[in-house]
Amino acid sequence: MRYVKISKQNTYEFLERLKKIGTLYAPHKISEKFFDFCEVDDVKDVMFEYQRTIRPPRRFFYPEREVLFTFDTRKVELYENLPSDKKQILFGVHSCDIVALRTMDSKFIDDQPDPYYKSRRENGIVIGLSCLPDEYCFCNVRRVEFVDAGFDLFFHELPDGFLVRVGTVVGHKLVDPYEGELFEEVCPDDTENMSKFEEKRTSMFTTQGNWDNLRYFMELRLNHPMYIRESEKCLGCGNCTLTCPSCKCYDVQDIPSIDGRTGERIRFWDSCQFRSHGLVAGDHNFRETKQDRFHNRYQCKNSYCSATTTSFCVGCGRCTYFCPADIQFKKNLMEIAGYKGGYS
Amino acid sequence: MAIIDGCDGECQPRVGVYALTSCYGCQLKLATVQKIMEIANAVSFESFYMLSSASKHPADVDVAFVEGSVSTEKDLEELYEIRKHSRILVALGACSVNGGVQSWAEGEMTHEELHAKVYGTGKIGMKGLQATPISKHVEVDYYLPGCPPEEDEIMYFISAFLFGTFPEPKDYPVCSECRLAGNPCILIERGEPCLGPVTTAGCKARCITFNVPCIGCRGPVPHDTAWFDSLAMTFKNKGISKDQVRERFRIFGAHNPNLEPMLKKIYGGTD
Ligand code: SF4
Ligand code: SF4
Ligand code: SF4
Ligand code: SF4
Ligand code: SF4
C-alpha cells in the first residue's frame, strides 16, 4: 500500500480540488447533537471530528427514493431511468460505514446485481477518515474498526495533518497530480503518531474483545426475555433501520399520473419495523406483532449473514443514538450473549 | 373496483366532493392543486360547490370525496344519502377520517355539556351531535388523511382511480419521512413531545422540517400500530405529565380506542 502525508491546510485545498471532479459530500454539523453528510459548499464547514451521521452513506448509492422507470400503459412501453454517470465523492467515511457499504455490495452487486446501485457505486469515490469512539460505538468487537479495503483513500488523523493510505487505482490518481505539492512523504514521526492515535483509540472502546460467537447465541436464545421487555418500549418508528448503514429493505410502488395512461415505478426505503414489511397476499403477515418485528431486526443484523462472513451490524451505534425510545441495542445484545467484561 | 374499465379514456368517471362539518380546507386544497385543470378534464365533477354552482347534492357518482365530521343530524342524513349514491367513498381529511379537532370532547363531556359550555343557554338552528368520523356511520372505502391532505396524495388517489386501480394506504409513521428528510430529531434533541412516532406518514414530516414538533394531524397510524403506550413512556421519562400527553394525543386522535387504555397502562388511572 502507498502512504502519503497531507497537512491540515492542504487538506482544505485538496477538498477544493475534489469539488472540481464531482459532487463532494462530507460530514457537517446540522444541529446541537447531530451530523449529516451534506454537499460541501465551504470546505471550512467540513467536520473532521464527528461520531456518526443521522443518515447513512448508503443513500448516495441507494437513494431513499428513486424512480426506476416510467411507463406508458397504452403503448405498453417502459423507459428505464438509470442513474447519470456523475461522480459523487464521499469524504470522511468512518471504517464501520465503509464495511457497511461492502455488505451492501455483497447484496446489490454480488448476490442480486442491481444496475442502479452498481452504476452509482462505480461512479463513487470513498475517502475514509479515522475516528475516536464514544460509548455507543462497538465496531471493534465486530472487528471492523480498521479497514483494509473499500476506500480509495483513508485519512488518519495526525497532530499536524493526516497520514493517507491509498487504497485503489482511483486513489492513486487522486494523489498523483498533487504529489510534492499537497502531499508529502511520510516520516517516522508520522508513523509514531498514527500508532499513538490507534493506541488511544483502542483504549477508548467501552467493549473489548470480540463478539464472534454472538450470532450463535442470537440463534440459540430466540426466546430470550429481553425481546418482550424491550419491544414493549419500541415505537415501531423505523429510525433504527433507516439510519442503519447496512439496511437494505425497500418497497416498490407504481405511481400513476393523471392522464390515466402513464406513470412511474418508484422504490423507497422500507423498514422491517413497519407492519406492511411482512404483509403478503391474502392478508398474511410474516411478522404480525410488534415483538416479531423487533425480534427480526436483532436477528437480521446479527445472524443473517449469508453472503458475508461478518454480521450486517458494524457497530456504528446509530440504532441506539437515534432511537427516540432510548432502546439500547448494544446493551441488549450483550444481555443475550451473556457478555460482561468491558461494558460500561 | 375499476372505474374506467373498458372505456379506454372515452368516458369520464363521475366525481362528487362534499363537505360535512369542517373548515372547507380540504376542498380548497383539492380545488387548488396545480393540476386541477387536468383533473377537471379527466373526470366529471357532478357535485363540487366550490367549483360550480351547478352542483347537485347528492349526485350519482363513481367516487365521492367527503370532508368534515358528522357533527349534526343534517350531516348524518347527508352522509347516508351520499353513500347511497356513490360507488366508492373516500374520507377526505382529518375531520372525516378521525373526527378532527372538533372531537376533543369525545369521552370527556356529553354533547349536552359541550353545548352548554360553548353556547350557554343559547339555541342553534340545528340538532347537534358529538363530532364523529364518518366511518362510525357508513362504510368508507379509502382514507385520505391530513389537515389538509397533501397535494401528491390527492393526485395519487385520483390517478389511481383513473387507472382502474386503488390507492395503497400508508401504514407507517411520520418518523420515517422525518429521518429520510434528514431532519434532526427534536424529540431526542430537545425532549419535545413530537407525535411523529404514532402519526400516519405522508406529509414528509412537514412540521418537523419547519422545526416544530408533530401534533398528529394525519391521525394515528392505522391497523393498531400507533403505540401510544410506548410513546407515553418515552414522554414520561422526559418528565411530561399525563395531562399534557393526553391533551396532545387527543388533538387529532380522540376517537382512537387504544388511546385511553394505553395511557392508563403507563400513567395509571390517576392524573
Ligand atoms: S428506533 Fe427504537 S423505537 Fe424506533 S423502531 Fe427502532 S427500536 Fe423501536
Ligand atoms: S429486515 Fe430490517 S434490519 Fe434487516 S435489512 Fe431489512 S430493515 Fe434492516
Ligand atoms: S444495527 Fe445499529 S449499530 Fe449495527 S450497523 Fe445498524 S445502526 Fe449501526
Ligand atoms: S422529530 Fe418527531 S417525527 Fe422526527 S424522528 Fe423525531 S420523533 Fe419522529
Ligand atoms: S408533521 Fe404531523 S402535524 Fe405536521 S403535517 Fe405532518 S402529520 Fe400533520
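Within each chain, residue numbers correspond to sequence positions counted from 1 in written order. Throughout, the order in which chains and ligands are written sets their labels, letters from A for the former and numbers from 1 for the latter. For this predicted model, a pLDDT threshold of at least 70 governs which residues receive local features, and a threshold of 80 or more governs which side-chain atom pairs are given and counted, while totals over whole chains, interfaces and linings are taken from all residues. Side-chain numbers here rest on the full set of heavy atoms in the structure, without hydrogens or water.

A. Representation of the interface of chain A and chain B. Every residue pair with non-hydrogen atoms within 4.5 Å of one another is taken to be in contact. Opposite the 42 residues of chain A that make contact, chain B presents 36 residues. Defined in terms of a 1.4 Å probe, buried area is the accessible area two parts forfeit on being brought together, summed over both. Taken over both partners, the interface formed by chain A and chain B buries close to 3200 Å², and the fraction arising from carbon and sulfur atoms is 64%. In the sections that follow, a salt bridge refers to a side-chain nitrogen of Lys or Arg positioned within 4 Å of a carboxyl oxygen of Asp or Glu. Asp171 of chain B is the partner of Arg275 of chain A in a salt bridge, and the nearest nitrogen-oxygen pair spans 2.7 Å. Put simply, DSSP H or I for four residues or longer makes a helix, DSSP E for two residues or longer makes a strand, and each gets a number counted from the N terminus. Elements that contribute at least two residues to the side of chain A that touches chain B include exactly helix H7 (226-233), helix H8 (239-242), strand E11 (250-256), strand E12 (262-269) and helix H9 (290-303) of chain A. Sorting elements by how many residues they give to the side of chain A that touches chain B places E11 of chain A first, with four residues. Here the residues of the side of chain A that touches chain B sort into 19 nonpolar, ten polar and 13 charged. Three categories are distinguished: nonpolar for Ala, Val, Leu, Ile, Met, Phe, Trp, Tyr, Cys and Pro, charged for Asp, Glu, Lys and Arg, and polar for the others, with Gly belonging to the last.

B. Main features of the packing of helix H11 (residues 242-253) of chain B against helix H12 (residues 259-267) of chain B. Residue and element names in this part refer to chain B. Geometry is summarised by axes, namely lines fitted to C-alpha atoms with helices restricted to the contacting stretch, and by angles between N-to-C directions that run from 0 to 180 degrees. Two elements in contact, H11 and H12, have axes whose closest approach is 11 Å; the angle formed by their N-to-C orientations is 165 degrees. Regarding the angle of H11 to H12, the classification is roughly antiparallel. Judged by the sense of rotation from one axis to the other, the crossing of H11 with H12 is right-handed. Between H11 and H12, the contacting residues are Lys242, Val245, Arg246, Phe249, Arg250 and Gly253 on the first element and Leu259, Glu260, Leu263 and Tyr267 on the second. In terms of residue class, the contact of H11 with H12 is made up of five nonpolar, one polar and four charged. An angle below 35 degrees is read as roughly parallel, one above 145 as roughly antiparallel, one from 65 to 115 as roughly perpendicular, and any other as oblique. Here a crossing is taken to be left-handed if its near helix is turned anticlockwise relative to the far helix by less than a right angle, and right-handed if that turn runs clockwise.

C. Geometry of the site of ligand 3. Residue and element names in this part refer to chain A. In the region of ligand 3, 13 residues are neighbours, and Cys244, Cys313, Val314, Cys316 and Cys319 sit closest. If you list the elements that add at least two residues to the shell around ligand 3, you get H9 and helix H10 (318-321). Here the residues of the shell around ligand 3 sort into eight nonpolar, two polar and three charged. Near residues are defined by distance, with any heavy atom within 4 Å of the molecule or strand qualifying the residue.

D. Fine view of the domain arrangement of chain B. Residue and element names in this part refer to chain B. Domain borders in the structure are assigned automatically or taken from a domain database. Domain annotation for chain B reports domain 1 (14-163) and domain 2 (174-266). On the side of domain 2, 15 residues touch domain 1, which itself brings 20 residues to the contact. Between domain 1 and domain 2 the total buried area reaches about 1300 Å² when both faces are included, carbon and sulfur atoms providing 46% of it. Across the contact surface, domain 1 and domain 2 share four salt bridges. Contacts described as polar in this section are N or O atom pairs within 3.5 Å, which, within protein, must combine one atom able to donate a hydrogen with one able to accept it, while residues neighboring in sequence count only if both atoms come from side chains. For the pair domain 1 and domain 2, the number of links is nine residue pairs in polar contact (both at pLDDT 80 or more). Among the elements of the structure, helix H4 (94-98), strand E6 (128-132) and helix H6 (151-163) are those that each provide at least two residues to the side of domain 1 that touches domain 2. Residue composition of the side of domain 1 that touches domain 2, by class: eight nonpolar, six polar and six charged.

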